[in-house]
Amino acid sequence: MAPADRTEERTAPARGLVASGAMTPDWASALVAVPRSDFLPEVFWAHDVDSGESTRVDRRTEPDVWERHACADVPLVTQWDDGGVPTSSASMPSVVFRMLAALDVRPGDRVLEIGTGTGWNAGLLAARLGARNVTSIEIDPQVADAARKRLAAAGLLGTVLTRDGALGDPAGAPFHRVIATAGVRKLPPAWIEQTREGGLIVAPWGTHYSNADAVVRLEVGDGEASGKFVGPVEFMKLRAQRLPFPGHEAYVPDGVASADHAKAGVTEADLLGAGRFDATAFVLGLRAPACYPVAAKQDGSRPIWFYGLTDRSWACVMLHDGRKADVWQAGPRRLWDEVLQALDWWRETGRPGVERFGLTVRADGAQLAWLDDPEDAWPV
C-alpha cells in the first residue's frame with residue numbers, strides 16, 4: 001500500500017467518527033496514531049449487532065475483508081470459551097470514544113482501566129497521557145500477554161496487571177480516572193476507594209434483567225460515587241459477576257398448576273423492549289431488581305418467564321395473539337406484580353430514556369438508582 005493510501009486509511013475513521021459526533025476532536029490525533037487494526041489478532045469474528053451473528057475473518061486468507069472490518073464501526077470478538085461464549089472483544093470505535101469523552105481526561109491524569117482486552121483502549125489513553133500514567137488490568141493471562149506485546153510494539157506499554165479487575169490496583173492508587181471496559185452489575189467499592197476525591201469513574205452498568213448496559217459517569221466524593229447515565233451500550237460482563245442462574249427446574253419442578261393465576265393486557269415489546277437499545281429492559285431492571293426474564297416460543301404461544309435471583313420466586317406470562325395474556329406467579333416475591341408496577345411507573349413518568357437516570361454507589365457497596373433527582377433514589 002502506498003504511503004498516501006496508508007495516510008487516508010488512518011485518517012478516514014477519525015474524520016467519520018468526529019463527523020458523526022461519536023468522537024470529540026481532541027481524540028482524533030490519538031486514533032490516527034493508534035489505529036485499532038494494530039491491536040487486532042490475525043483472526044477475529046465480526047459481530048452483527050442486529051442479527052447477533054458473528055462471522056469469522058482471517059487476515060491470512062481475506063486481508064481486504066479483515067482490513068475493512070478492522071476499520072469499521074463494528075464490534076469484533078477476539079476470543080471464545082469452550083462453551084461458545086465470547087470472552088474478549090474489540091468494542092465498536094464509536095462506543096470506545098464516547099466512553100473516553102465521558103472520562104474527560106486532562107494532562108497529567110493517572111488512569112486505571114479495568115479490562116485490557118486487545119490493549120487498544122490502553123494504547124489510546126497512553127497516546128494522550130503518556131504510558132507511565134496508564135494502568136490496565138486483565139483477568140485472562142493469555143489476553144493480557146497479547147496486549148502487552150501489542151502495546152510494547154507501539155511504544156505505548158504502561159502497566160498491565162493480570163488479576164481480578166474488581167480488586168483494582170491499591171498499590172498504584174489513587175487514580176484521577178477509572179474506566180471499565182466490561183459490564184458490571186455491582187460497582188466494586190475498590191474502584192471508589194482508589195479514585196481521588198473529585199475523580200471520575202466511567203463504566204458500563206446494568207441489571208440482571210437483560211444484557212443491556214448503560215454507560216454511567218460517576219464523580220467520587222466523601223467516600224461514595226454518584227452520577228448520570230450517558231447512553232445505552234452492551235458489554236461482556238465482569239467474569240465474577242456473570243449471571244448465577246440455576247435453571248428452570250430449580251424454580252418450577254411441577255409446572256404452573258399450583259401457582260396463582262391472572263390475566264394481563266401486555267405485549268412482548270412491553271416487557272422486553274422494541275429494539276436492541278430500547279430503554280424498556282434497562283428501566284424494568286432498575287425497578288424490579290434481581291429479576292431475570294427468559295422469552296421462549298411454544299405451540300403458537302409466547303411464554304416469558306421471570307425468575308427471582310435471591311430466592312425461588314417465579315412468574316410466567318403466556319402471550320397470545322388477539323387476547324389477554326395468562327399470568328402465573330409463585331414464591332415469596334410476587335415477581336409479576338413487581339414487573340407490572342415497574343411498567344406502570346415508567347409509563348406514568350413519560351417513558352424516560354436512560355440518560356435521565358442516575359446511580360449512586362455508597363462506600364459499603366450499596367447501589368441506589370434515581371430519576372433526575374439523586375435525593376429520590378431506590379435500591380437496585
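How each quantity is defined
- Residues numbered from 1 in each chain as written.
- Predicted model: local features only at pLDDT ≥ 70, side-chain atom pairs only at ≥ 80, totals over all residues.
- Heavy atoms only, no water.
- Helix = DSSP H or I, 4+ residues; strand = E, 2+ residues; numbered from the N terminus.
- Rg over C-alpha atoms; globule rule 2.2 N^0.38 Å.
- Buried < 20%, exposed > 50% of the residue type's maximum accessible area, 1.4 Å probe, protein only.
- Contact = heavy atoms within 4.5 Å.
- Pairing = 2+ DSSP bridges.
- Axes fitted to C-alpha atoms, helices over the stretch in contact; angles between N-to-C directions.
- Polar contact = N/O pair within 3.5 Å; in protein donor to acceptor, adjacent residues only side chain to side chain.
- Parallel < 35°, antiparallel > 145°, perpendicular 65-115°, else oblique.
- Left-handed = near helix turned anticlockwise from the far one by under 90°.
- Nonpolar A, V, L, I, M, F, W, Y, C, P; charged D, E, K, R; others polar.
- Phe/Tyr/Trp six-rings, centres within 6.5 Å; stacked < 30°, edge-to-face > 60°.
- Core = buried A, V, L, I, M, F, W, Y, C linked by side-chain atoms within 4.5 Å.
- Expected span 1.5 Å × (residues − 1).

Draft legend 1. Spatial organisation of the overall build of the chain. For the chain, the count of helices and strands is ten helices and 19 strands. The C-alpha radius of gyration of the chain comes to 22 Å, within 12% of the 21 Å expected for a compact globule of 380 residues. Expressed along its principal axes, the backbone C-alpha trace of the chain runs to roughly 70 × 55 × 35 Å. Put simply, the chain has 380 residues, and 50% of those count as buried. Across the chain, every contact between residues at least 6 apart in sequence was considered, and the portion connecting residues at least 24 apart equals 55%.

Draft legend 2. Layout of the sheet that holds strand β13 (residues 291-295). Read from one edge of the open sheet, five strands run β12-β16-β15-β14-β13, paired in antiparallel fashion. On the outer flanks of this sheet lie β12 (260-264) and β13, each paired with one strand and no other. Geometrically, the sheet is characterised by an average inter-axis angle of 20° between neighbouring strands, direction not taken into account. The pairing of strand β15 (residues 314-320) with strand β16 (residues 323-330) spans six bridges and is antiparallel. Bridging across to β16, Cys-316 finds its partner in Trp-328. The sheet strands contacting helix α10 (residues 335-348) are β12, β13, β14 (302-308), β15 and β16, and the helix crosses β14 at an angle near 105°.

Draft legend 3. Broad picture of the side chain of Gln-367. The topology assignment puts Gln-367 in strand β18 (residues 367-371). Of note is the side chain of Gln-367, whose polar atom sits 2.8 Å from the backbone nitrogen of Leu-187. Aside from chain neighbours lying at most four places away, what touches Gln-367 is Arg-185, Lys-186, Leu-187, Trp-205, Leu-359, Thr-360, Val-361, Trp-378, Pro-379 and Val-380.

Draft legend 4. The arrangement of the sheet that holds β18 in detail. Taken in spatial order, the ten strands make up an open sheet running β7-β6-β5-β8-β9-β10-β11-β17-β18-β19, and their pairing is mixed. The sheet terminates laterally at β7 (159-162) and β19 (377-379), the two strands that pair on one side only. The sheet shows a mean angle of 20° between the axes of neighbouring strands, direction not considered. Bridging between strand β6 (residues 134-138) and β7 involves four bridges; their strand directions are parallel. Residue Thr-135 lies in a different strand from β7, and its bridge partner there is Thr-159.

Draft legend 5. The packing of helix α4 (residues 93-103) against helix α5 (residues 120-129), seen in detail. Relative orientation of the contacting elements α4 and α5 amounts to 45°, with a least axis distance of 12 Å. Judged by the inter-axis angle, α4 sits oblique to α5. Judged by the sense of rotation from one axis to the other, the crossing of α4 with α5 is right-handed. For the pair α4 and α5, the contacting residues are Pro-93, Val-96, Phe-97, Leu-100 and Leu-103 in the first and Trp-120, Asn-121, Leu-124 and Leu-125 in the second. The class makeup of the residues in the contact of α4 with α5 is eight nonpolar, one polar and no charged.

Draft legend 6. Examining the packing of aromatic side chains more closely. Evaluated as defined, the whole model comprises 17 aromatic pairs. A ring pair is formed by Trp-205 and Phe-229, whose centres lie 5.8 Å apart and whose planes are at 45°; its orientation type is tilted. Of this pair, Trp-205 sits in strand β9 (residues 195-205) while Phe-229 sits in strand β11 (residues 224-233); the two residues are 24 residues apart in sequence, bridging distant segments of the chain. Classification of Trp-205 as buried rests on a relative accessible area of 1%. A residue is classified by how much of its surface remains accessible, and Phe-229, at 2% relative accessible area, is buried.

Draft legend 7. Structural context of the packing of helix α9 (residues 280-287) against α10. Viewed as axis vectors pointing N to C, α9 and α10 meet at an angle of 120°, and their least axial separation amounts to 9 Å. With respect to α10, the element α9 is oriented oblique. Handedness of the crossing formed by α9 with α10: right-handed. On α10, the residues that touch Thr-280, Val-283, Leu-284 and Arg-287 of α9 are Val-339, Ala-342, Leu-343, Trp-345 and Trp-346. Classifying every residue of the contact of α9 with α10 gives seven nonpolar, one polar and one charged.

Draft legend 8. Focus on α9. Burial within α9 is extensive, with seven of its eight residues counted as buried. Buried within α9 we find Thr-280, Ala-281, Phe-282, Val-283, Leu-284, Gly-285 and Leu-286.

Draft legend 9. The arrangement of the environment of Leu-124 in detail. Topologically, Leu-124 is positioned in helix α5. Judged by relative accessible area, which is 0%, Leu-124 ranks as buried. With 20 residues separating them along the chain, Leu-124 and Asp-104 place their C-alpha atoms 13 Å apart.

Draft legend 10. Spotlight on the nonpolar core. With 56 residues, the main nonpolar core has Trp-191, Leu-271, Phe-306 and Trp-336 as its most contacted residues. When residues in this core are grouped by element, the largest group, seven residues, is from α10. Formed by 36 residues, the second largest nonpolar core is a distinct cluster that contains Ala-28, Leu-31, Val-96 and Val-134.

Draft legend 11. Geometry of helix α6 (residues 141-153). A rise of 1.5 Å per residue sets the reference length of α6, with its 13 residues, at 18 Å; its end C-alpha atoms lie 18 Å apart and thus fit the reference within 8%. In the core, the buried residues of α6 are packed alongside β3 (76-80), β4 (86-90), α5, β6 and β7. Its side-chain oxygen 2.9 Å from the backbone nitrogen of Gln-142, Asp-140 forms the N-cap of α6.

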